[in-house]
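Working through the structure, step by step
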Amino acid sequence: MKRIAVLANGPGELWGWCRPVVKALKDEGHGVDLVLLPCQYASGAEERLALLLGADRVVPPAGLPKEISGGRNRADGVLQLGGDLLYGRLLAKRNGSPLFSYSYGPKKGLRACRLVLTACESMAGSIRKMTRGRSVEV
C-alpha cells in the first residue's frame with residue numbers, strides 16, 4: 001500500500017476530480033491524504049465535503065503550511081489536480097516523492113512532474129513541448 005497526497009484547490013476540482021480519484025486510489029488499497037489548497041472560489045464548505053469523499057485524512061488550507069514544512073505524514077506520491085504547482089513541488093520535495101499533475105495545458109512548474117496527465121492529445125502536444133519530453137499521458 002502506498003500513501004498518496006491528492007491536492008486540489010476548488011469546489012469543482014474537489015467534486016469532479018477528487019471524488020473519482022480518491023475512490024479509485026482507495027479501491028486499489030492506497031492510503032489517501034486529501035490536501036485542500038487555498039482557492040479564491042472556495043465556498044467554505046470544501047473541508048466538510050472532502051470528509052465525505054473517503055480520504056483517510058483531510059488537510060484544510062489552514063493546515064497547508066504545517067503539512068509542507070514537516071507534518072508527520074509522508075506521502076509516497078503527490079498528485080496535484082489543480083492550483084499552483086508550487087504547493088505540490090514543495091510537498092513532493094519534503095517527502096522525497098514523485099510529483100504527478102493533471103493539467104489542461106502548459107503551466108509553470110510542470111517540468112518538476114514525473115508525469116503530467118491531460119484531457120486530450122491536442123493539449124498533450126503543447127505540454128510535451130513546454131516540458132521538453134517529460135512523460136505526458138492523455
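Structural notes, computed from the coordinates. (Residues numbered from 1 in each chain as written. Predicted model: local features only at pLDDT ≥ 70, side-chain atom pairs only at ≥ 80, totals over all residues. Heavy atoms only, no water.)

1. Observations concerning the overall build of the protein chain
- Helix and strand counts for the protein chain stand at five helices and seven strands.
- For the protein chain, the succession of helices and strands along the chain, N to C, is β-α-β-α-β-α-β-α-β-β-α-β.
- Computed over its C-alpha atoms, the radius of gyration of the protein chain comes to 14 Å, within 12% of the 14 Å expected for a compact globule of 138 residues.
- Viewed in the frame of its principal axes, the protein chain has a C-alpha envelope of about 40 × 30 × 30 Å.
- Expressed as a percentage of the 138 residues in the protein chain, the buried residues total 44%.
- Considering only residue pairs separated by 6 or more positions, the protein chain has 46% of its internal contacts joining residues 24 or more positions apart. (Helix = DSSP H or I, 4+ residues; strand = E, 2+ residues; numbered from the N terminus. Rg over C-alpha atoms; globule rule 2.2 N^0.38 Å. Buried < 20%, exposed > 50% of the residue type's maximum accessible area, 1.4 Å probe, protein only. Contact = heavy atoms within 4.5 Å.)

2. With respect to the sheet that holds strand β1 (residues 3-8)
- The sheet built from seven strands is open, its strands ordered β3-β2-β1-β4-β5-β6-β7 with parallel pairing. Of all strands in the sheet, those bounded by a partner on one side alone are β3 (57-59) and β7 (135-137). Averaged over neighbouring strand pairs, the angle between their axes works out to 20 degrees when direction is ignored.
- Of the pairings in the sheet, the one linking strand β4 (residues 77-80) to strand β5 (residues 99-102) comprises three bridges and is parallel in character. Its bridge partner lying in β5, Q80 is registered against S101. (Pairing = 2+ DSSP bridges. Axes fitted to C-alpha atoms, helices over the stretch in contact; angles between N-to-C directions.)

3. So, helix α4 (residues 85-95)
- Taken residue by residue, α4 has L85, G88, L91, A92, R94 and N95 as its buried positions.
- Structurally, the start of α4 carries an N-cap: the backbone nitrogen of L86 is 2.9 Å from a side-chain oxygen of D84.
- Phi turns positive, to about 65 degrees, at G96, one or two residues after α4. (Polar contact = N/O pair within 3.5 Å; in protein donor to acceptor, adjacent residues only side chain to side chain.)

4. Remarks on the pattern of salt bridges
- As enumerated under the stated definition, the model contains seven salt bridges in all.
- Note that D33 and R57 form a salt bridge whose closest N and O atoms lie 3.3 Å from each other. Here the residue D33 occupies a position in strand β2 (residues 31-36), and R57 occupies one in strand β3, the gap between them amounting to 24 residues.
- Of the residues examined, R57 reaches a relative accessible area of 22% and is grouped as partly exposed.
- Where salt bridges share partners, they join R3, K26, D33, D56, R57 and E67 into one cluster. (Salt bridge = Lys/Arg side-chain N within 4 Å of Asp/Glu carboxyl O.)

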